[in-house]
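# Observations on the three-dimensional arrangement
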Amino acid sequence: MKKKYWILLTLSIATILLSGCTEYREPISEDSEGFWNQFIVWPIVSIIKYFSDLLGSYGLGIIAVTIIIRLAILPLTIKQVQSSKKMQELQLKMQELQKKYSSKDAVTQQKYQQELMELMKTSGVNLGCLPALIQMPIIIGLYHAISRMNVTPEFELGTFLVFPLAEPSIVLAIAAGVIQYIVLMTGPAVDNPQMKMMLYIMPLMIIGFGMALPAALSLYWVVGNIISVVQNIFIYKKPWEKKESEKPATTGGAKK
């Protein structure tokens, strides 16, 4: 039943997201119809507009909203990371069980299944994907809001520093790609051989998109990725924790 529940929930959210994707290049306003427009995109546009008026530019407004949204979903991000770490530990223990019960006879396999079930019960791993599902509409909604503001005459995005936000910026695109690489280098992918290809593919994709899309989106990627780097350093690396090899050796003998 749980599996069916998650499938239905995933399909429902995918339907909402896809309905918004069909209007990707259309102007946005308070009168725009549809659930995606009324409850996701327009509220985000309104918040960006509020901070833009407060701070004096759309560039600063986009930065402020990106920071607020990333901080708002930080507890979900941490929960997802913790679940991922537990899952990695569980996989290692499962591999140990497979080695322990490598024989294929019925008795050995029965013992393996019993210990595996017990391990799953006591692991405390949450295999649900709720944190990721909640984050998806928010992050994609912010992306859509910026894109649709760019094609709405009411919103003059102006410039940030020397970069026109309504036009592609090679500099911001490259900056977004470089910081995306740092995000991946400080995350779990760097220790996973199967994920290492993403270290190069993702940054190149971001640079490619950034060179074709408005600089406002590259600015969003730059700010969001900087926040992700900080999160990764504290969540994965934990600079205040010394590695075992760096800890001073302790001896049982008394000092002379």
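As the structure is a prediction and not an experimental result, all values here were calculated from the model. (Residues numbered from 1 in each chain as written. Predicted model: local features only at pLDDT ≥ 70, side-chain atom pairs only at ≥ 80, totals over all residues. Heavy atoms only, no water.)

### Focus on the nonpolar core
The biggest cluster of nonpolar side chains holds 38 residues, and the ones touching the most others in it are Val 45, Ile 48, Leu 142 and Ile 146. Residue assignment for this core shows that the elements contributing at least two residues are helix H2 (35-55), helix H3 (58-72), helix H6 (130-150), helix H7 (170-185) and helix H9 (215-237). Counting residues per element, this core draws most heavily on H9, at nine residues. Aside from chain neighbours lying at most four places away, what touches Ile 48 is Tyr 58, Gly 61, Ile 62, Val 65, Leu 142, Ile 146 and Met 149. Counting six residues, the second-largest nonpolar core is a separate cluster that includes Leu 90, Tyr 101, Tyr 112 and Leu 119. (Core = buried A, V, L, I, M, F, W, Y, C linked by side-chain atoms within 4.5 Å. Buried < 20%, exposed > 50% of the residue type's maximum accessible area, 1.4 Å probe, protein only. Helix = DSSP H or I, 4+ residues; strand = E, 2+ residues; numbered from the N terminus. Contact = heavy atoms within 4.5 Å.)

### Let's talk about helix H8 (residues 198-212)
The end-to-end C-alpha distance of H8, which contains 15 residues, comes to 21 Å, matching closely the 21 Å that a straight helix rising 1.5 Å per residue would cover. When H8 is considered as a whole, its buried residues turn out to be Leu 199, Pro 203, Ile 206, Ile 207 and Gly 210. Burial along H8 is one-sided: seen end-on, the buried residues are contained in an arc of 95 degrees. In H8, those exposed residues whose orientation departs by more than 90 degrees from the buried face are Tyr 200, Leu 204 and Ala 212. (Expected span 1.5 Å × (residues − 1). Arc of directions from axis to C-beta.)

### Here's the deal with the packing of aromatic side chains
Going through the model one piece at a time under the given rule, you end up with five aromatic pairs. Consider the rings of Tyr 50 and Phe 51, whose centres lie 5.3 Å apart with planes at 85 degrees: the pair is edge-to-face. Relative to Tyr 200, the ring of Tyr 181 has its centre 6.3 Å away and its plane inclined at 40 degrees; by these criteria the two rings are tilted. Of the two residues, Tyr 181 is situated in helix H7 and Tyr 200 in helix H8; the sequence distance between them amounts to 19 residues. When its relative accessible area of 31% is taken as the criterion, Tyr 181 is described as partly exposed. (Phe/Tyr/Trp six-rings, centres within 6.5 Å; stacked < 30°, edge-to-face > 60°.)

### Let's talk about the packing of H7 against H8
Here H7 crosses H8 at 160 degrees, and the two axes come no closer than 8 Å. Regarding the angle of H7 to H8, the classification is roughly antiparallel. Considering only the axes of H7 and H8, their crossing is right-handed. Of the residues in H8, those touching H7 at Ile 170, Ala 173, Ile 174, Ala 176, Gly 177, Gln 180, Tyr 181, Leu 184 and Met 185 are Met 198, Leu 199, Tyr 200, Met 202, Pro 203, Ile 206, Ile 207, Gly 210 and Met 211. Broken down by class, the residue content of the contact of H7 with H8 amounts to 15 nonpolar, three polar and no charged. (Axes fitted to C-alpha atoms, helices over the stretch in contact; angles between N-to-C directions. Parallel < 35°, antiparallel > 145°, perpendicular 65-115°, else oblique. Left-handed = near helix turned anticlockwise from the far one by under 90°. Nonpolar A, V, L, I, M, F, W, Y, C, P; charged D, E, K, R; others polar.)

### Details of unusual backbone geometry
For Leu 161, which is not glycine, the phi dihedral falls at a positive 60 degrees. With a relative accessible area of 66%, Leu 161 lands in the exposed category.

### A closer look at the pattern of salt bridges
Tallying each qualifying case throughout the model produces one salt bridge. Note that Asp 53 is salt-bridged to Lys 49, the shortest N-O span being 2.9 Å. Note that Asp 53 and Lys 49 are positioned in helix H2 at a spacing of four residues, about one turn of the helix. (Salt bridge = Lys/Arg side-chain N within 4 Å of Asp/Glu carboxyl O.)

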